[in-house]
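# Topology and contacts: notes
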Amino acid sequence: QVQLVESGGGLVQAGGSLKLSCAASGTISSINAMGWYRQAPGKQRELVATITGGDSTNYADSVKGRFTISRENTKNTVYLQMNSLKPDDTAVYYCNALLRLTFSARESNYWGKGTQVTVSS
């Protein structure tokens with residue numbers, strides 16, 4: 001089956017930067033879109049950024065101008081460059097992919113296990 005593996009999380013001081021990566025593997029026919037979501041303790045999971053196969057991007061208002069999402073389609077990998085990090089960015093970040101499996105006519109959403117990002121003041 002499909003597996004999404006995130007990497008790049010860690011502890012950073014406010015104003016610092018981190019770059020997250022997510023690689024999708026498995027019997028994948030095509031990927032329509034990939035994105036990043038995050039969930040802080042006691043709060044709901046929220047959209048951070050998404051990117052389509054045509055490189056159309058969408059960002060949460062709270063991260064616009066600071067975060068950049070990108071893809072390497074040949075590697076089925078999505079990245080999230082995070083600059084000017086704030087303590088409010090502290091959360092578990094989850095990778096998401098809307099994709100089609102080989103021999104399947106339907107698209108489905110898949111999730112990674114998440115990577116912790118902690119920003120100290």
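Below is a short write-up of the structure. (Residues numbered from 1 in each chain as written. Predicted model: local features only at pLDDT ≥ 70, side-chain atom pairs only at ≥ 80, totals over all residues. Heavy atoms only, no water.)

Moving on, we come to the pairing of strand S9 (residues 91-101). Relative to S9, strand S4 (residues 28-39) runs antiparallel, the two sharing 10 bridges. Counterpart to Ile 31 in the pairing with S9 is Leu 99. Bridging between S9 and strand S10 (residues 107-111) involves 5 bridges; their strand directions are antiparallel. Bridge pairing in S10 links Asn 96 to Trp 111. In textbook terms, the turn of a hairpin is the stretch between consecutive antiparallel strands, and for S9 and S10 this stretch comprises 5 residues, one of which, Phe 103, has a positive phi near 70°. (Pairing = 2+ DSSP bridges. Helix = DSSP H or I, 4+ residues; strand = E, 2+ residues; numbered from the N terminus.)

This next bit is on the state of the cysteines. With the rule as written, the count across this model stands at 1 disulfide. Here Cys 22 connects covalently by a disulfide to Cys 95, the sulfurs 2.0 Å from one another. Taking the torsion about the sulfur-sulfur bond, which here is approximately -85°, the covalent link between Cys 22 and Cys 95 counts as left-handed. Pair noted here: Cys 22 is in strand S3 (residues 18-25) and Cys 95 is in strand S9, with a separation of 73 residues, a long-range link. Taken individually, Cys 22 and Cys 95 each receive the classification buried, so the pair is uniform in this respect. (Disulfide = S-S within 2.5 Å. Buried < 20%, exposed > 50% of the residue type's maximum accessible area, 1.4 Å probe, protein only.)

Here we take up the sheet that holds strand S1 (residues 3-7). Read across the sheet, 4 strands follow the order S1-S3-S8-S7 without closing on themselves; strand pairing throughout is antiparallel. Each edge of the open sheet is held by one strand with a lone partner, namely S1 and strand S7 (67-72). Within the sheet, the average angular offset between the axes of one strand and its neighbour, ignoring direction, is 15°. Sheet analysis places S1 next to S3, joined by 5 bridges and oriented antiparallel. Among the inter-strand pairings, Glu 6 is bridged to a residue of S3, identified as Cys 22. (Axes fitted to C-alpha atoms, helices over the stretch in contact; angles between N-to-C directions.)

Across 6 bridges, S3 lies against strand S8 (residues 77-82) in antiparallel orientation. Counted as the bridge partner of Ala 23 is Thr 77 from S8.

As for its placement among the helices and strands, Phe 67 is situated in strand S7. Among the residues examined, Phe 67 registers a relative accessible area of 3% and is labelled buried. Once the C-alpha coordinates of Phe 67 and Glu 6 are considered, the two residues, 61 residues apart in sequence, prove to be 17 Å apart.

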